[in-house]
Amino acid sequence: MRTSAIILAAGKGKRMGADVPKQYLKLQGNPILYYSIKAFDQSDVDELVIVVGQGEIPQCQKYMEKFEVKKPYQIVEGGKERYDSVYQGLMKIQNVDYILVHDGARPFIQVARINELIKTVKETNAAIIAVPVKDTIKQVDENLHVKKTIERKALYAVQTPQGFSYELMMEAYRGFFEDDIENQSKITDDAMLVESYTDTPISIVYGDYNNIKITTPEDLILSEYLVSASRERKRMVE
Ligand code: CTP
Ligand code: MG
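Residues numbered from 1 in each chain as written. Chains lettered and ligands numbered in written order. Predicted model: local features only at pLDDT ≥ 70, side-chain atom pairs only at ≥ 80, totals over all residues. Heavy atoms only, no water.

## Digging into the overall build of the protein
In step 1: Within the protein one finds 8 helices and 11 strands.
In step 2: Computed over the C-alpha atoms, the radius of gyration of the protein is 18 Å, within 12% of the 18 Å expected from 2.2 N^0.38 for a compact globule of 238 residues.
In step 3: Taken along its principal axes, the extent of the C-alpha atoms in the protein is 50 × 40 × 35 Å.
In step 4: Taken over 238 residues, the protein has a buried fraction of 47%.
In step 5: The contacts in the protein between residues at least 6 apart in sequence include a share of 74% that link residues at least 24 apart.
In step 6: For the protein, the accessible area works out to roughly 13,000 Å², and carbon and sulfur atoms hold 50% of it.
In step 7: Of the side chains in the protein, 31 bear a positive and 35 a negative charge, and the two mean positions are spaced by 5 Å. (Helix = DSSP H or I, 4+ residues; strand = E, 2+ residues; numbered from the N terminus. Rg over C-alpha atoms; globule rule 2.2 N^0.38 Å. Buried < 20%, exposed > 50% of the residue type's maximum accessible area, 1.4 Å probe, protein only. Contact = heavy atoms within 4.5 Å. Areas by Shrake-Rupley, 256 points an atom, 1.4 Å probe, with all protein chains shown as cover. Lys, Arg positive; Asp, Glu negative; His and termini not counted. Charge placed at Lys NZ, Arg CZ, Asp CG, Glu CD.)

Next up, the structure:
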């Protein structure tokens, strides 16, 4: 049973507002993308597929050599939307039973979590990393008046990686391509594709609150701290 990880790095990072896409910004000396590639390289996946922006393959190739990636890998150009990039990665993958999709902008993913997810995906065909929501969440109307409070027990904030059997992902994309553009544009993660276009239930694997997606400049401040804290922990263990 083979598993591939699609690591997404084809976004432009508009909300970050830096002059390079955010995955290439430095975090304690390494590009943000380095940390997820390292985690997946140390995990139980069999190969990596890195999806990058137009014209970025040579630069990424250089990084892969510098990072001394040990697993087999491919680098492919992504597309306009996140789901286009995932599909470009998917199209490169052959003879694989399970796919994990990860945001390259989530550098704090733990190797143990990736391996737990793989185990669950092999049992259920569909599983995602998520954490219970800590805040009270309100649904509001168009005038920003509170409509109701959604019961917190029922709310989970979902992260990546998200894992599915290869067959299930292909089935979901078949349904997606037949749908109209208005519905297509509502898709924000891979689980939503599987929810919308297949009948397979998706399991939750408990994640870590630290597995944040770096999106805006203030996320960088917390991220610097998270990397240095994790280095400090490693030093204390050694
Ligand atoms: N992504 C991608 N291809 C796209 C859009 C996004 O591979 N067409 C990737 C990003 O590189 C990122 C992940 O999907 O790792 C999550 O997306 P997001 O946080 O929205 O990143 P960006 O799209 O780069 O940021 P923004 O929306 O602020 O432009
Ligand atoms: Mg985006």
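There's more to say after this.
## Side note on the site of ligand 1
In step 1: Near ligand 1 there are 18 residues, and of these G13, K14, K80, S85 and K213 occur at the shortest range.
In step 2: Contact distances for ligand 1 include 2.6 Å between an oxygen atom and a side-chain N or O atom of K213.
In step 3: With the chains in place, 88% of the 560 Å² that ligand 1 exposes on its own is no longer accessible.
In step 4: Among the elements of the structure, β1 (3-9) and α3 (82-92) are those that each provide at least two residues to the shell around ligand 1.
In step 5: When the residues that make up the shell around ligand 1 are grouped by side-chain class, the tally is 4 nonpolar, 5 polar and 9 charged. (Near = heavy atom within 4 Å. Polar contact = N/O pair within 3.5 Å; in protein donor to acceptor, adjacent residues only side chain to side chain. Nonpolar A, V, L, I, M, F, W, Y, C, P; charged D, E, K, R; others polar.)

## Description of the pattern of salt bridges
In step 1: Counted according to the given criterion, the structure contains 8 salt bridges.
In step 2: Between D103 and R106 there is a salt bridge, with its nearest N and O atoms 3.1 Å apart.
In step 3: The closest approach of N and O atoms between E151 and K153, which form a salt bridge, is 3.3 Å.
In step 4: Among the charged side chains, a salt-bridge network with shared partners connects R82, D103, R106 and D190. (Salt bridge = Lys/Arg side-chain N within 4 Å of Asp/Glu carboxyl O.)

## Here we look at the pairing of strand β6 (residues 98-103)
A regular strand places its side chains so that they alternate between the two faces of the sheet.
In step 1: Burial of β6 is extensive: 6 of the 6 residues sit out of reach of the surface.
In step 2: Residues Y98, L100 and H102 point to one face of β6 and I99, V101 and D103 to the other, with burial holding for every one of them.
In step 3: Bridge count between β6 and strand β10 (residues 156-165): 4 bridges; the pairing is antiparallel. From the neighbouring strand, V101 faces β10, where its bridge partner is Q162. (Pairing = 2+ DSSP bridges.)

## Notes on the side chain of S85
In step 1: Relative to the helices and strands, S85 is located in helix α3.
In step 2: Overall, S85 belongs to the buried group, its relative accessible area being 4%.
In step 3: Setting aside residues up to four positions removed in sequence, S85 forms contacts with L8, A10, V51, G78 and G79.

## Considerations on the nonpolar core
In step 1: Ranked by internal contacts, the top residues of the largest apolar core, which has 39 residues, are I37, F40, L48 and I50.
In step 2: At the level of secondary structure, the elements contributing two or more residues to this core comprise β1, α1 (32-41), β4 (47-52), α2 (57-66), β6, α4 (111-124), β7 (126-132) and α8 (217-237).
In step 3: If one sorts the elements of this core by residue count, α1 sits on top with 7 residues.
In step 4: Those residues in contact with I37 that sit more than four places away from it in its chain are I7, L48, I50, M64, F67 and V69.
In step 5: Judged by nonpolar contacts, the second largest core, of 28 residues, contains L8, V49, V76 and Y173. (Core = buried A, V, L, I, M, F, W, Y, C linked by side-chain atoms within 4.5 Å.)

## Let's talk about the side chain of K22
In step 1: Tracing the sequence through the fold places K22 in the loop between β1 and β2 (26-27).
In step 2: Within the buried core, K22 has no salt-bridge partner, and the shortest N-O distance to an opposite charge, that of D219, equals 7.0 Å.
In step 3: Looking at K22, its side chain comes within polar contact range of the main-chain oxygen of I214, at 2.9 Å.
In step 4: In this view, K22 contacts G13, M16, I32, A105, K213, I214 and T215; residues no more than four positions away in its chain are not counted.

## Quick look at the pairing of strand β9 (residues 146-150)
In step 1: Strand direction decides the pairing type here: strand β8 (residues 137-140) and β9, joined by 4 bridges, are antiparallel. The partner of Q139 across the bridge, within β9, is K148.
In step 2: A loop of 5 residues connects β8 with β9, the two strands running antiparallel in sequence, and L144 in this loop sits at a positive phi of about 60°.

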